[in-house]
Amino acid sequence: MPSLTPREVRKAARAAVTVFDEHGMSCCLFGSLACQIHGMSTRDPKDADLVVLNNRGHDTEGLKQILVDEDERFYLVASRNPDATYQVLYFKLGPRRSCKVDILTTGNSTSLDIPRVPDTRIQYIHPYNDLPVMPLLALLLLKLQGWIDHRHSQKANEQAKVRQDVADVQEMLKIAVEEEVHINDHESQWMHRWFVERMMNKVDEYTNQFLGSLSDWESLGL
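Residues numbered from 1 in each chain as written. Predicted model: local features only at pLDDT ≥ 70, side-chain atom pairs only at ≥ 80, totals over all residues. Heavy atoms only, no water.

A. Spatial organisation of the pairing of strand E7 (residues 128–133). Direction of pairing for strand E6 (residues 123–125) relative to E7: antiparallel, over a ladder of two bridges. The residue of E7 that forms the bridge with isoleucine 125 is tyrosine 128. With antiparallel pairing between neighbouring strands as the criterion, E6 and E7 make up a hairpin whose turn holds two residues. (Pairing = 2+ DSSP bridges. Helix = DSSP H or I, 4+ residues; strand = E, 2+ residues; numbered from the N terminus.)

B. Summary view of the packing of helix H4 (residues 136–152) against helix H6 (residues 162–178). In contact at an axis separation of 9 Å, H4 and H6 are set at 160° when each is read in the N-to-C sense. Classified by the angle between their axes, H4 and H6 sit roughly antiparallel to one another. The two elements H4 and H6 cross, and the hand of that crossing is left-handed. Taken together, the residues of H6 that come into contact with H4 (itself represented by Leu136, Leu139, Leu140, Lys143, Leu144, Gly146, Trp147, His150 and Arg151) are Val162, Asp165, Val166, Asp168, Val169, Met172, Leu173, Ile175 and Ala176. Its residues assigned to classes, the contact of H4 with H6 shows twelve nonpolar, two polar and four charged. (Axes fitted to C-alpha atoms, helices over the stretch in contact; angles between N-to-C directions. Parallel < 35°, antiparallel > 145°, perpendicular 65-115°, else oblique. Left-handed = near helix turned anticlockwise from the far one by under 90°. Contact = heavy atoms within 4.5 Å. Nonpolar A, V, L, I, M, F, W, Y, C, P; charged D, E, K, R; others polar.)

C. Spotlight on the environment of aspartate 149. By the secondary structure assignment, aspartate 149 is in helix H4. Since its relative accessible area comes to 32%, aspartate 149 is described here as partly exposed. Aspartate 149 sits 30 residues away from glutamate 179 along the chain, and the two C-alpha atoms are 27 Å apart. Beyond its immediate stretch of four places on either side in the chain, aspartate 149 contacts Leu112 and Glu158. (Buried < 20%, exposed > 50% of the residue type's maximum accessible area, 1.4 Å probe, protein only.)

D. Summary view of the pairing of strand E1 (residues 27–30). Of the two faces of E1, both are covered, the one formed by Cys27 and Leu29 as well as the one formed by Cys28 and Phe30. Of the pairings in the sheet, the one linking E1 to strand E2 (residues 48–52) comprises four bridges and is antiparallel in character. Of the residues in E2, the one forming a bridge with cysteine 27 is valine 52.

E. Layout of H4. In this model, H4 (17 residues) spans 25 Å end to end at C-alpha, consistent with the 24 Å of a helix rising 1.5 Å per residue. In terms of burial, H4 is a largely internal element, 14 of the 17 residues being buried. (Expected span 1.5 Å × (residues − 1).)

F. Spotlight on the packing of helix H2 (residues 31–38) against H4. Interaxial distance between H2 and H4 falls to 11 Å at its minimum, and their mutual angle equals 135°. In terms of orientation, H2 and H4 fall into the oblique class. Judged by the twist between their axes, the crossing of H2 over H4 is left-handed. Between H2 and H4, the residues in contact are Gly31, Ser32, Ala34, Cys35 and His38 and Leu136, Leu139 and Lys143, respectively. Split into classes, the residues belonging to the contact of H2 with H4 amount to four nonpolar, three polar and one charged.

These figures capture arrangement, not role.
Structure follows, in structure tokens:
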């Protein structure tokens, strides 16, 4: 099956956003689709990643079930991991063509440490004004965290992602510098202290490996 197009991935994301909005739950895109909307051009997204910001007491499996119940194009598939306690969510695009949709929640109790983005800080970027996107600096820092996690993983499939992670971080860092974002800007003040402190340590690890990036991180206040 040919790779999904960015338009198809956006369609899946848009459908999820619509359902969550109807249930009074705000959400935003992160991951490779959000990076592409912010201007990353090194690769196309393979799936849609959404973080639900006010989940109204639902865990991720409950949020997936809401999508399945409200839109017949969503469906669940058992994980290939026999030890998994979760199901994998897909959005049906057409005959034998589907897009995986990952749903996550916020907080420092989760493995990804995703910060809770205030509704007023969610970004809408032309020409995709109907898709809520995580702010650029937070998105870059989560990409950096992905590199750290994969780099230290014992799993071969995660180690294999490190090279692509580096390319993603490098391009997103360049975009952030060009956009002149800064950790102390008013637009970035929403980020929780626990998140910023953890990310500062991760920036140190990255610059130890890629010394040439130090001045770029410093220009962001990191």
